[in-house]
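Given next are the chains, with one letter for each unit.
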Amino acid sequence: MVRVLTLKDLTVRRGECPVVDRVSLSVAAGEFVGLIGPNGAGKTTLMRAALGLLPATGQSSLAAMPAAARAHAAAWLPQTREVAWPVSVETLVALGRTPHLPATGRMRPEDRAAVEAALARMVLGGFRHRSAARLSGGEQARVLIARALAQQAPLLLADEPIAGLDPAHQITTMEVFAGLAAEGHAAIVSLHDLGLAARHCTRLILLGQGRLVADGRPGDVLTRANLANVFGVRAFYARTVDGPVFQPLEVVR
Amino acid sequence: MLNFRLLLVFLSVLVLALFAASLLIGPAGLGVGTSLRALLAGQGEAAVLVMREIRLPRALLGLMLGASLGLSGAAMQGYLRNPLAEPGLIGVSSSAALGAVIALQSGLAAAVALALPLMALAGAVLSVLLLLALAGARGASLTLILAGIAISAFAGALTSLVLNLSPNPYAAAEIVFWMLGSLSDRSFTHVWLALPFMALGWALLAPLGRGLDALTLGEDAAAALGIRLSRLRLALVLGTASCVGAGVAVAGAVGFVGLVVPHLLRPAVGARPGRLLPASALGGAAMLLAADIATRLIAPERDLKLGVVTALVGAPLFLHLIYKTRKDGVW
């Protein structure tokens, strides 16, 4: 098992209050990890601190790397979908190649191949010459995912990548991440849709108030007690002939 | 999108043509043949003086200043991801102007040769140090803007104070005219004074293309792509300050070039901030040379100021761009 991320006692404080509290975990190649937890649980902060984008105490294998090496080890897809300039979709996706380009900045055949593969994977071939600023929110989200894929890093960290996508694109995007994991990459993806998390992720990490509450297979994490204590909901969860089905039912607090 | 190389070739040819025109047009009314013989072969005493001591430094300064303003404007817009940003935003130009105004008011400028540009450079350096102290080495682009605006406003207030308290109306008029910006009556001394600072600025700003491209995705994504943002920001601030500080020192405040030129050329480079850097440097040089030629053609006997022409041309151009942007709905 190749480890792509190891955290040990990672802690981020905002003032006195720990936003991420002594989180230890490791992620191996081949895993598709869903990072779940209620609003304010520290999902985004955990990922940013793991990447070294926030000052933190404890250890993170990624944060310990120099910036250039880290960009080869992990791709990061922030939640804010920022596209500052109306560049073409192809140009935007090609930004994912930034860490790989030689000093001249010229795209080599392997860079073009990576961009093509990412466009194909997100089914964006028809958009390549469109201005990224003229896309709908959902289309922009998919283009930015393609950008992160073009980076071809062993680990992809994505912050709510499927928020705002239609159901078909939510499912295909989850399948893309699962496919990456099956090919020997790894993905850590924060999610609010526990149904999709239960169906597609190989592993779930549940955060509550900055602490790691549960870590394991979806069936072991989405227990009645965890859902009640952390999310404050009761849910229907069953293995059916169509695979696992999860549906939150009511608030219990 | 135009072919990028073709665009750079076209802009280079334009700059060369305008540079030549700047050498050949002037109140001395020399013929083309006389001008070129004087410039290249040193034939004809008066003509040599006009060509080598007046027109050549003026054309060179126009080229350097225009390229500096275009380049720093493109870099500033790319870093702040805002098409309304301009090089003066970080407060360097108003601080340099303050230095120059103090030199004029105190009589230092009249007493000591080069006191004015040197005081302007000192003002620029002080403002950069203040800016870095205020905005910190790490920190978001917003702090940089706010600190820049604060410094700009304070330097502007002090300049107004100097004007306000000026006992001598002639000195006040001189200050006001100087602040309009001009390239007339400049010599090679000014070229040699500005060149090292501007060259330093170009060297700091030119390699920022890749980082600025990555910043299209936002600061977080750019950092995760391996861009060291604090280093980029330091290079941006120092580079812009060198370019703009030296520019104000030798030519006064010339506005709108750093704002309009990147905006104008953005569609031609597919909106890529990295490619905009060289294109905007060439475009800025072209616009400044053209504006300086215009000051000589429109009202040769009235000493029309360069900054007035760039603003007169730039403001309507900018309004047109805003109108077009509003219609298209995207930058």
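Residues numbered from 1 in each chain as written. Chains lettered and ligands numbered in written order. Predicted model: local features only at pLDDT ≥ 70, side-chain atom pairs only at ≥ 80, totals over all residues. Heavy atoms only, no water.

## Let's talk about the sheet that holds strand S7 (residues 186-190) of chain A
Residue and element names in this part refer to chain A. Condition: Between any two strands, pairing holds if DSSP finds at least two bridges. Here a helix means four or more residues in a row that DSSP labels H or I, a strand means two or more in a row labelled E, and each is numbered from the N terminus. Orientation is described by axes fitted as lines to C-alpha atoms, over the contacting stretch for helices, and by angles from 0 to 180 degrees between their N-to-C directions. Two residues form a contact once any of their heavy atoms are found within 4.5 Å.
Taken in spatial order, the six strands of this open sheet run S5-S6-S7-S3-S8-S9, and their pairing is mixed. Of all the strands in the sheet, the pair left with one neighbour each is strand S5 (74-77) and strand S9 (211-216). Mean inter-strand twist for the sheet, computed between neighbouring axes without regard to direction, equals 15°. Here helix H1 (residues 43-51) sits on the sheet and contacts strand S3 (32-36), S5, strand S6 (155-159), S7 and strand S8 (203-208); the angle it forms with S6, its principal contact strand, is near 145°. Seen against the sheet, helix H5 (residues 137-150) touches S5 and S6 and runs at an angle of roughly 170° to S5.

## Details of the packing of helix H4 (residues 92-105) of chain B against helix H12 (residues 229-251) of chain B
All names here are of chain B. Test applied: Throughout, a crossing is termed right-handed when the near helix is turned clockwise from the far one, and left-handed when it is turned anticlockwise from it by less than a right angle. Classification used: nonpolar for Ala, Val, Leu, Ile, Met, Phe, Trp, Tyr, Cys and Pro, charged for Asp, Glu, Lys and Arg, polar for all others including Gly.
Where H4 meets H12, the closest approach of the two axes is 9 Å, and the angle between their N-to-C directions is 35°. The crossing of H4 and H12 is right-handed. Facing H4, whose interface residues are Val92, Ser93, Ala96 and Ala97, H12 presents Ala241, Val244, Gly245 and Val248. Residue classes in the contact of H4 with H12 are distributed as six nonpolar, two polar and no charged.

## Quick look at the pattern of salt bridges
Note the cut-off: One speaks of a salt bridge when a side-chain nitrogen belonging to Lys or Arg is within 4 Å of a carboxyl oxygen belonging to Asp or Glu. Accessibility here uses a 1.4 Å probe with only protein chains present; expressed as a share of the type maximum, an area under 20% marks a residue as buried, one over 50% as exposed, and anything in between as partly exposed.
Overall, the coordinates contain 18 salt bridges over all chains when judged by the stated rule. Between arginine 108 of chain A and glutamate 110 of chain A there is a salt bridge, with its nearest N and O atoms 3.4 Å apart. Between aspartate 303 of chain B and lysine 305 of chain B there is a salt bridge, with its nearest N and O atoms 3.1 Å apart. We classify aspartate 303 of chain B as partly exposed; its relative accessible area is 41%. Shared partners join several salt bridges into a network, and the residues in it are Arg97, Arg108, Glu110 and Asp111 of chain A.

## Overview of the pairing of strand S11 (residues 243-251) of chain A
All names here are of chain A. By the bridge criterion, eight bridges tie strand S10 (residues 233-240) to S11 in an arrangement that is antiparallel. Counted as the bridge partner of phenylalanine 236 is glutamine 247 from S11. Counting the residues that bridge the hairpin from S10 to S11 gives two residues.

## As for the interface of chain A and chain B
Using the following cut-off: Buried area counts how much accessible surface, traced with a 1.4 Å probe, disappears from two parts once they are put together, with both parts' losses summed. Counting of polar contacts relies on pairs of N or O atoms within 3.5 Å, with two restrictions inside protein: one atom must be capable of donating a hydrogen and the other of accepting it, and residues adjacent in sequence are counted only when both atoms are side-chain atoms.
If you look at the interface, chain A gives 31 residues, while chain B gives 29 residues. For the pair chain A and chain B, the summed buried area comes to about 2400 Å², and 61% of that belongs to carbon and sulfur atoms. Summed over the shared surface of chain A and chain B, the result is two salt bridges. We note a salt bridge from glutamate 82 of chain A to arginine 81 of chain B, for which the minimum N-O separation is 2.5 Å. There are eight residue pairs in polar contact (both at pLDDT 80 or more) connecting chain A and chain B. Of all elements in the fold, only helix H2 (67-73), S5, helix H3 (89-94) and H5 of chain A reach the threshold of two or more residues within the side of chain A that touches chain B. With four residues, H2 of chain A is the single largest residue contributor to the side of chain A that touches chain B. For the side of chain A that touches chain B, the per-class residue count stands at 20 nonpolar, five polar and six charged.

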